Structures are given as C-alpha cells and as structure tokens.
Amino acid sequence: MSKSKNLDSAESVTMIYSVANQKGGVGKTTTVISLAALIAARQKRVLIIDADPQANATSSLGVNMAANGYSLYDVLVNKQPLTKAITRTRRDNLDLVPTTTDLAAAEVEMVQFLARELTLKKALQAIIGQYDFIFIDTPPSLGLLTINALTASAGVIIPVQTEYLALEGLSQLMNTLNLVRENLNPELKLTGVLMTMFDSRTNLATDVVKEVRAHFPELTFQAVIPRNVRLSEAPSHGEDILAYAPTSSGCLAYQAAVDELLQR
Ligand SMILES: Nc1ncnc2c1ncn2[C@@H]1O[C@H](COP(=O)(O)OP(=O)(O)OP(=O)(O)O)[C@@H](O)[C@H]1O
Ligand SMILES: [Mg+2]
C-alpha cells in the first residue's frame with residue numbers, strides 16, 4: 001500500500017482503461033500520455049502501461065528504457081513482478097511500466113502460456129489499490145497484447161481520427177470487445193469514443209464528427225481533440241502536453257476530456 005496518501009485515497013478503487021483501436025496513428029499514444037498526465041496533475045496516482053512494442057509511450061515520456069532494466073516483456077514473459085518494472089516519470093504522481101521492442105516477441109512467446117489472455121490482468125493484481133488510474137497503451141492490432149489489455153481493463157477508450165473512413169474497422173473492434181466480454185472479462189465497458197486530430201477548416205472533419213456522434217450517441221466524448229502541432233511536438237521533448245504547452249488548444253481539449261472521463 002502507498003504510505004504517502006491518506007486513507008480515503010488508499011481505499012479508492014483503481015480504474016483501469018485501455019486505449020485501443022487497431023487502426024494505426026489515430027492518437028492512441030497521445031491520448032494515453034495526455035489523459036494520464038492531466039489526471040496526475042490533479043493529484044491522482046496514475047500508472048501508464050506501455051503495451052505496444054513500438055514503445056512510443058515510453059519514448060514520449062523521455063524514458064529510454066526501464067530505469068532498472070525491467071520492462072513489460074519481463075513481466076509478461078519472464079513472470080517478473082510488475083512492481084519491478086515500474087519507473088517514475090518526470091511528472092509527480094505519474095509512473096510508467098516501460099516497453100522495449102522486445103515486446104514484439106512476447107506476442108509469439110505467450111501463445112504457449114496457459115490462460116495467456118489473463119497474463120497482464122494477473123500481473124496487475126499485485127498493484128491494485130496503489131494507483132487511482134491505470135492507462136494501457138495498445139498496439140495497432142487486435143492481437144494477444146491488445147486482448148491482454150482489454151481483459152485487464154474496466155473500460156476502453158477508442159480514439160477515432162476525424163478523417164475519411166473514420167468508422168472503418170470499428171465493427172471489427174466492437175466484435176473483439178464482445179468476444180472479450182463473453183469469454184474473458186464480462187465487466188469490460190466501452191467508456192467512450194474520442195475524436196482526434198479534428199481540423200475545423202474542413203467540412204469533411206465536421207461531417208465525420210456528426211457521423212461518429214450518430215453512431216455512438218451516448219458514448220462519444222463531447223470534447224473533440226483538435227489537430228494541434230503542440231501535441232505532435234511534445235514527445236520529441238520528452239514532455240507531456242501539460243508540461244510542454246499548457247495553454248495549447250490540444251491541452252485544453254484533453255482537459256475537457258478528462259473532466260468528462262472523471263464524471264463517467
Ligand atoms: N491531435 C493531434 N494533433 C496533431 N498531431 C497529433 C495529434 N494526435 C496525435 N498526433 C500525432 O500523430 C501521430 C500519431 O499519433 P499517435 O502516436 O498518438 O497515434 P497511435 O494511434 O498511438 O499510433 P500507433 O497506432 O502507431 O500506435 C504522432 O506523430 C502524434 O504526435
Ligand atoms: Mg501508439
């Protein structure tokens with residue numbers, strides 16, 4: 001148990017969210033880092049798990065590798081305790097389980113495990129209660145790493161890029177969520193659909209927003225994340241958007257998304 005917190009927060013439940021969409025480059029990692037950083041800045045204890053072998057969340061936070069040499073690969077494949085792989089970040093209240101490209105092999109190596117879909121969920125059991133929020137960044141695929149993330153989560157946040165064919169592929173993702181619910185994690189909720197990279201100058205983007213809202217009327221976040229160059233610059237400085245550009249349109253939009261998420 002965390003000693004630094006009062007009883008109230010020590011007793012709080014840990015909310016675990018996967019950020020998932022098998023489409024590449026829709027803003028999953030940016031969403032994970034931004035939501036996690038902004039919630040940590042609101043004095044919640046937050047952990048990011050980088051479950052994507054591209055390791056973009058890890059490098060975006062300016063973490064080269066696991067500080068102590070351990071990464072998610074060691075947890076999933078070598079059955080090391082998750083606590084060993086937790087690394088602090090520059091931001092208070094924000095920790096990270098980093099990843100290296102080794103994780104790509106995990107997807108293959110885990111196939112032989114009994115209950116392989118439950119590997120991450122089991123590893124997380126040791127730290128439940130030590131964080132208020134856990135965000136899991138997932139790869140652009142519906143493979144075993146994403147299934148592990150969904151199985152370990154209470155909710156899934158789906159970033160959708162406001163571009164042509166935005167909804168393409170979402171029915172496949174919905175099928176996967178249903179399969180996970182039926183077979184592995186009945187509690188899994190679709191927490192929300194978050195529209196990203198919105199360009200207000202184009203009619204297309206406005207039409208896509210309408211289309212997505214029509215498709216997921218209750219579930220689409222009111223907040224829409226604009227296309228904002230600050231969001232794409234921040235990772236190269238190893239900073240989250242709050243540290244890099246707190247008054248940028250991107251940061252303000254993610255703040256609004258956090259307000260909604262904390263109410264859901
Ligand atoms: N709102 C935004 N405005 C401008 N650039 C953005 C925005 N969101 C993300 N980006 C940039 O777009 C690229 C893709 O975003 P990101 O890496 O978050 O997507 P992803 O879904 O995690 O990708 P992958 O599927 O490869 O993991 C990155 O270069 C990122 O910096
Ligand atoms: Mg990513």
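Going by the structure above, here's the rest.
Residues numbered from 1 in each chain as written. Chains lettered and ligands numbered in written order. Predicted model: local features only at pLDDT ≥ 70, side-chain atom pairs only at ≥ 80, totals over all residues. Heavy atoms only, no water.

Draft legend 1. Main features of the pairing of strand 6 (residues 155–161). Here strand 6 lies mainly inside the structure; seven of its seven residues are buried. One ladder, built from three bridges, connects strand 1 (residues 15–19) with strand 6; its direction is parallel. When the sheet's bridge partners are listed, serine 18 is paired in strand 6 with valine 156. Relative to strand 7 (residues 189–198), strand 6 is paired through seven bridges, and the arrangement is parallel. Residue pairing across strands places isoleucine 158 opposite valine 193, the latter belonging to strand 7. At this point the chain moves from strand 6, through helix 8 (residues 170–183), to the parallel strand 7, and the crossover so formed is right-handed. (Buried < 20%, exposed > 50% of the residue type's maximum accessible area, 1.4 Å probe, protein only. Helix = DSSP H or I, 4+ residues; strand = E, 2+ residues; numbered from the N terminus. Pairing = 2+ DSSP bridges. Right-handed = clockwise from strand over helix to strand, strands pointing away.)

Draft legend 2. A nonpolar patch on the surface, seen in detail. Together, Tyr164, Leu165 and Leu204 line one region of the surface with nonpolar side chains, adding up to about 330 Å² of accessible area. By the element assignment, leucine 165 lies in the loop between strand 6 and helix 8. (Patch = residues over 30% accessible without salt bridge, like charges linked within 9 Å, V, L, I, M, F, W, Y side chains within 5 Å. Areas by Shrake-Rupley, 256 points an atom, 1.4 Å probe, with all protein chains shown as cover. Salt bridge = Lys/Arg side-chain N within 4 Å of Asp/Glu carboxyl O.)

Draft legend 3. Highlighting the site of ligand 1. Surrounding ligand 1, one finds 18 residues, the nearest of these being Lys28, Thr29, Thr30, Pro226 and Asn228. In this structure, valine 26 approaches ligand 1 through a main-chain N or O atom, which is 3.0 Å from an oxygen atom. Between an oxygen atom of ligand 1 and a side-chain N or O atom of aspartate 52, the distance comes to 3.5 Å. Relative to its free-state accessible area of 620 Å², ligand 1 is covered by the protein chains to the extent of 81%. Within the residue set of the shell around ligand 1, elements represented by two or more residues are helix 2 (28–40), strand 8 (220–226) and helix 10 (229–233). With three residues, the single largest contributor to the shell around ligand 1 is helix 2. Across the shell around ligand 1, the residue classes tally to six nonpolar, eight polar and four charged. (Near = heavy atom within 4 Å. Polar contact = N/O pair within 3.5 Å; in protein donor to acceptor, adjacent residues only side chain to side chain. Nonpolar A, V, L, I, M, F, W, Y, C, P; charged D, E, K, R; others polar.)

Draft legend 4. Representation of the packing of aromatic side chains within the structure. Enumeration over the complete set of coordinates arrives at three aromatic pairs. The interplanar angle of 25 degrees and the centroid separation of 5.7 Å between the aromatic rings of tyrosine 17 and phenylalanine 135 together place this pair among those described as stacked. Of this pair, tyrosine 17 sits in strand 1 while phenylalanine 135 sits in strand 5 (residues 133–137), and the two are 118 residues apart along the sequence. Accessibility assignment for this pair places tyrosine 17 and phenylalanine 135 in one class, buried. Here the aromatic rings of phenylalanine 133 and phenylalanine 135 are separated by 6.3 Å at their centres, their planes lie at 10 degrees, and the arrangement is stacked. Neither phenylalanine 133 nor phenylalanine 135 differs from the other in exposure class; each is buried. Aromatic ring contacts, followed pair by pair, group Tyr17, Phe133 and Phe135 into a single cluster. We note lysine 79 situated over the ring of phenylalanine 113; from NZ or CZ to the ring centre the distance is 4.0 Å. (Phe/Tyr/Trp six-rings, centres within 6.5 Å; stacked < 30°, edge-to-face > 60°. Lys NZ or Arg CZ within 6 Å of the ring centre and 35° of its normal.)

Draft legend 5. Focus on the nonpolar core. If you look at the biggest cluster of nonpolar residues, it comprises 34 residues, and the most contacted ones within it are Leu35, Val46, Ile48, Leu94, Phe135, Ile157 and Leu261. Contributing elements (two or more residues each) for this core: strand 1, helix 2, strand 2 (46–50), strand 4 (94–97), strand 5, strand 8, helix 11 (241–244) and helix 12 (249–263). When neighbours within four sequence positions are excluded, valine 46 is seen to be in contact with Ala36, Ile39, Ala40, Asn93, Leu94, Asp95, Tyr131, Phe133 and Phe135. Among the nonpolar cores identified, the runner-up in size contains 28 residues, and Leu76, Ile86, Ile127 and Ile134 belong to it. (Core = buried A, V, L, I, M, F, W, Y, C linked by side-chain atoms within 4.5 Å. Contact = heavy atoms within 4.5 Å.)

Draft legend 6. The sheet that holds strand 8, seen in detail. One open sheet accounts for eight strands, arranged 3-4-2-5-1-6-7-8; its pairing is mixed. The open sheet has two edge strands, strand 3 (87–88) and strand 8, and neither has a second partner. Running over the sheet, helix 2 touches strand 1, strand 2, strand 4, strand 5, strand 6 and strand 7 and is turned about 165 degrees from strand 5. Across the sheet, helix 12 touches strand 1, strand 5, strand 6, strand 7 and strand 8, and the angle it forms with strand 8 is around 165 degrees. (Axes fitted to C-alpha atoms, helices over the stretch in contact; angles between N-to-C directions.)

Draft legend 7. Structural context of helix 7 (residues 144–152). Counting buried residues in helix 7 gives nine out of nine residues, a clear majority hidden from the surface. Taken together, the buried positions of helix 7 are occupied by Leu144, Leu145, Thr146, Ile147, Asn148, Ala149, Leu150, Thr151 and Ala152.

Draft legend 8. Examining the pattern of salt bridges more closely. Summed over the entire model, instances satisfying the criterion amount to eight salt bridges. Aspartate 132 serves as the salt-bridge partner of arginine 45, at 3.0 Å between the closest nitrogen and oxygen. Note that arginine 45 is positioned in the loop between helix 2 and strand 2 and aspartate 132 in the loop between helix 6 (119–124) and strand 5, a separation of 87 residues in sequence. Here the two residues arginine 45 and aspartate 132 agree in accessibility, since each one is buried. Among the ionic pairs, aspartate 240 bridges to arginine 91, the shortest N-O distance being 2.8 Å.

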